Amino acid sequence: MSAEAYPAVPRPLGAWFLGILIVLAIVAFSRVSWAPDEAVTGVAQLRLSWRFQAPTVQQCRPPRPEELTGVPTHMRPTQICEGGPVPFQLTVSLDDVELVSGPVAFTGERALSVYETFPVEPGEHRLSVAFIPVPFEMDESGEDPPAWRLDRTVSFEEGRIRLVTLGADGLSVVEGG
Amino acid sequence: MPPPKPLAMTRTLVRRTLDRLDSGANRLYGWRFNPLYQSGTLVVVALAVMLVTGLYLLLFYRIGAPFESVGRITDQVWGGRWIRSAHRYAADLAVAAAAVHALRMFAQGRSWGPRTLAWVSGLVLVFLLYVCGWTGYVMIWDTQALLLAAEGARLLDALPIFSAPIARAFSGEAPPPSAFFFLNLFLHIAVPIGMIGALWLHVSRVARPVLLPPRGLLWSTVGVLVAVSVLWPITMDPPADLLALPGETTLDLFYGFWLPLARRVPAGWVWASALAGGAALILVPFLTRPPADRRPLPSVVDARQCTGCEQCYVDCPYDAIRMVPRDDGRGYLLASVDPALCVSCGICAGSCAPMGVGPPDRNGRDQLEAVRAFIDRDMKTVDGAMPQVVVVACAQSAFGRGAPGGGRGPGGLEPAVPRFDVSCAGNLHSSVVEFLTRAGAAGVLVSACPPRDCWNREGPIWLRERLFNDREAELKERVDKRRVRTVHAGGAEPRAANAALGAFRADLDALDAPAPETAIEMNLECELTGPEALR
């Protein structure tokens with residue numbers, strides 16, 4: 001014979017009550033109200049985001065005979081080119097205070113990606129953005145690579161993001177942002 | 001290397017806490033329906049609810065208009081709001097139940113040796129559950145979704161693996177591409193399929209995995225989930241606005257508990273914390289492993305005693321025993337223990353009538369030797385009379401040496417009651433009970449863990465079958481079974497165990513006084529004679 005310490009469900013009412021209480025706790029924890037820091041501090045944000053395929057500058061020349069030694073005929077290049085994409089520099093200032101200034105990092109020969117965010121006090125601010133090529137020693141083509149500048153007063157609303165992006169018309173602030 | 005002291009202290013703390021919670025829940029639910037014991041199976045129930053409700057929700061979800069389609073599901077589709085709520089609450093239940101399950105395995109030391117695979121695959125399951133939760137929340141594409149997506153992008157951008165920042169996808173230049181929502185949906189569907197594989201791995205070392213709770217608890221859980229979904233359906237936050245800073249929103253703490261903290265620190269810190277936490281969890285099997293000289297040894301088979309009956313092979317909860325051909329010409333199979341799978345529970349020792357298998361020092365013959373010494377040492381009272389009741393205690397039960405105060409602390413077993421210790425109720429050989437009754441004990445009370453909380457899975461179940469239902473190695477008919485009783489009570493339930501002891505004593509009073517035998521000869525079944533004899 002076996003003596004069970006308890007019957008199958010010793011206190012069904014209590015069992016249901018506790019069960020429902022546990023599930024209600026799960027419900028409560030699953031929908032906790034939360035205000036992220038940005039919502040509490042009442043700031044705005046300046047965001048810069050674009051992708052840009054930098055022009056490539058190359059110097060090409062015919063291969064020297066010693067460079068073709070041992071290379072099979074069908075693999076011999078007619079030209080050897082050196083160079084690469086033009087490096088660009090990003091400078092951002094707000095009310096003449098420089099927020100960032102430096103080259104935009106390359107990843108191989110892929111397009112340049114710019115993604116920067118800065119907290120900003122709500123209100124009107126003088127915004128200056130410059131996305132300009134860095135002088136490039138191989139650039140002997142005589143053609144100036146493109147350069148973009150933005151210099152204007154921008155109104156920042158609390159809780160909103162002002163987005164600066166680069167499009168066909170150059171740098172612009174997305175309206176409605 | 002012994003487990004580090006802080007870890008051992010944490011384990012003790014978790015164990016005592018769980019013991020107390022178990023005790024309270026047992027008082028309400030009984031051990032059969034105690035949801036804390038069923039935490040693992042409740043995860044499976046929650047996953048099943050998620051699967052069924054998820055299939056329904058999938059019919060109406062559109063990757064081209066995620067927020068709008070979820071809004072339509074919530075407001076227009078029949079039962080959509082409730083089914084969405086049940087889907088969410090089941091996901092939360094899965095996390096909560098998985099946490100309890102993991103804590104129990106950690107506290108009970110069921111995480112190392114052959115159980116390492118279950119521990120590690122359990123961690124993989126939790127990780128996949130979180131991936132599912134993350135993708136599920138992003139699918140809605142409301143404020144909380146944007147927060148999770150943006151934070152995920154920030155963390156991934158900190159890794160040197162992407163050529164362009166992923167965060168640009170949520171910069172506001174353009175709506176996130178449909179490909180993002182397609183990939184998200186794909187993961188949300190594919191990961192659960194991966195979870196089925198991980199679940200199979202999780203229980204693969206167990207002979208008889210229990211995947212579902214008792215029917216009553218199963219349907220009660222589903223019913224309560226449906227009820228709260230109807231009474232407190234989930235709401236929707238405002239749609240994700242890529243050009244707005246996150247305002248006040250709702251947060252599911254089960255899946256997003258890390259978000260408020262993570263957003264305040266550099267991504268590198270988040271990765272470092274996650275890696276450190278993950279590594280600590282992965283290392284639990286190695287950190288909780290006892291030192292080599294205290295590690296319980298796997299069972300061994302005495303080939304001379306094995307009759308090939310296959311009972312140990314059937315009873316082993318971990319499929320650690322195989323039956324192999326013999327090489328000594330006898331016409332039957334031989335049990336063979338795989339040490340890599342054996343957790344040293346000793347349940348095979350209790351199943352073997354000829355006492356030919358079991359962990360070193362814990363097989364049936366070892367137990368008989370120990371009980372002889374126990375009778376001489378502990379059972380005689382001062383006046384020479386035999387005690388009324390002898391307790392045989394599983395180490396983890398209310399009267400066991402692993403309970404608070406070694407089972408004899410305040411409120412525990414009275415000091416005057418002799419106690420014969422076994423590592424697990426399933427390890428106990430029925431011959432020990434027979435021996436005690438024949439030696440003059442008026443009654444034998446076996447103190448075992450609640451069956452759903454056996455540290456070795458099936459010990460109390462096989463014990464009852466062997467003592468009362470003629471399962472091999474059964475308690476012989478010559479033993480008056482009115483003098484034998486089992487009580488299932490966990491470490492924090494000495495009161496319940498003492499109540500059972502008191503009731504047993506009262507019942508024994510109605511029986512005649514036992515007639516002790518002086519020179520007890522146990523008839524060891526199937527014992528071989530001649531040169532093959534053991535001793």
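In this text the structure is predicted, and so the values were computed from the model without any measurement. (Residues numbered from 1 in each chain as written. Chains lettered and ligands numbered in written order. Predicted model: local features only at pLDDT ≥ 70, side-chain atom pairs only at ≥ 80, totals over all residues. Heavy atoms only, no water.)

(A) The overall build of chain A, seen in detail. Counting its secondary structure elements, chain A contains three helices and 12 strands. Here chain A, with 177 residues, has 35% of them falling under the buried criterion. As displayed, chain A offers around 10200 Å² of accessible surface, 54% of which is attributable to carbon and sulfur atoms. (Helix = DSSP H or I, 4+ residues; strand = E, 2+ residues; numbered from the N terminus. Buried < 20%, exposed > 50% of the residue type's maximum accessible area, 1.4 Å probe, protein only. Areas by Shrake-Rupley, 256 points an atom, 1.4 Å probe, with all protein chains shown as cover.)

(B) Main features of the overall build of chain B. The number of helices and strands found in chain B is 18 helices and nine strands. Based on the C-alpha atoms only, the size of chain B along its principal axes is roughly 95 × 55 × 45 Å. Counting over 535 residues, chain B shows a buried share of 54%. A total accessible area of about 23600 Å² is found for chain B, and carbon and sulfur atoms account for 64% of it. Taken as two groups, the 52 positive and 47 negative side-chain charges of chain B have centres that lie 3 Å from each other. (Lys, Arg positive; Asp, Glu negative; His and termini not counted. Charge placed at Lys NZ, Arg CZ, Asp CG, Glu CD.)

(C) Region of the structure containing the pairing of strand β7 (residues 97-103) of chain A. All names here are of chain A. Sheet topology note: the strand β6 (residues 88-94)/β7 ladder contains six bridges and is antiparallel. By the bridge assignment, leucine 94 is partnered in β7 with valine 97. Turn length for the β6-β7 hairpin, with the two strands adjacent in sequence and antiparallel, is two residues, and the turn residue aspartate 95 shows positive phi of about 50°. (Pairing = 2+ DSSP bridges.)

(D) A look at a nonpolar patch on the surface. Residues and elements named next belong to chain B. A surface patch of nonpolar side chains, amounting to about 560 Å² of accessible area, comprises Leu51, Val52, Leu55, Leu58, Ile189 and Ile193. Listed by contribution, the elements that provide at least two residues to the nonpolar patch are α2 (39-58) and α7 (178-202). Tallying contributions element by element places α2 first for the nonpolar patch, with four residues. Its location among the elements puts leucine 58 in helix α2. According to the relative accessible area criterion, leucine 58 is partly exposed, its value standing at 34%. (Patch = residues over 30% accessible without salt bridge, like charges linked within 9 Å, V, L, I, M, F, W, Y side chains within 5 Å. Salt bridge = Lys/Arg side-chain N within 4 Å of Asp/Glu carboxyl O.)

(E) Representation of the state of the cysteines within the structure. Tallying each qualifying case throughout the model produces one disulfide over all chains. Covalent S-S linkage joins cysteine 60 of chain A and cysteine 81 of chain A, the inter-sulfur distance amounting to 2.1 Å. In this structure, the disulfide formed by cysteine 60 of chain A and cysteine 81 of chain A twists by about 110° around the S-S bond and is classed as right-handed. Taken together, the positions of cysteine 60 of chain A in strand β4 (residues 56-61) and cysteine 81 of chain A in strand β5 (residues 80-85) put the pair 21 residues apart, joining distant regions of the chain. Assessed through its relative accessible area of 38%, cysteine 60 of chain A is described here as partly exposed. On the accessibility criterion, cysteine 81 of chain A (35% relative accessible area) is partly exposed. Free of any disulfide, cysteine 312 of chain B has its nearest cysteine sulfur in cysteine 309 of chain B, 6.1 Å distant. Unpaired in terms of disulfides, cysteine 454 of chain B finds its nearest cysteine sulfur in cysteine 424 of chain B, a separation of 4.1 Å. The class for cysteine 454 of chain B is buried, based on a relative accessible area of 4%. (Disulfide = S-S within 2.5 Å.)

(F) Looking closely at the pattern of salt bridges. For the structure shown, the criterion picks out 29 salt bridges over all chains. Aspartate 37 of chain A is the salt-bridge partner of arginine 264 of chain B, the closest N and O atoms lying 2.9 Å from each other. Here arginine 264 of chain B, found in the loop between α10 (259-262) and α11 (267-282), pairs with aspartate 37 of chain A, found in helix α2 (residues 37-41), and the two come from separate chains. The exposure class assigned to arginine 264 of chain B is exposed, which follows from its relative accessible area of 60%. With a shortest N-O distance of 3.0 Å, arginine 505 of chain B and glutamate 414 of chain B are connected by a salt bridge. Remark: glutamate 414 of chain B occurs in the loop between β6 (389-394) and β7 (419-422) and arginine 505 of chain B occurs in helix α18 (residues 494-509); sequence separation between them is 91 residues. Overlapping salt bridges, with partners in common, bring together Arg61, Arg64, Glu66 and Glu67 of chain A in one network.

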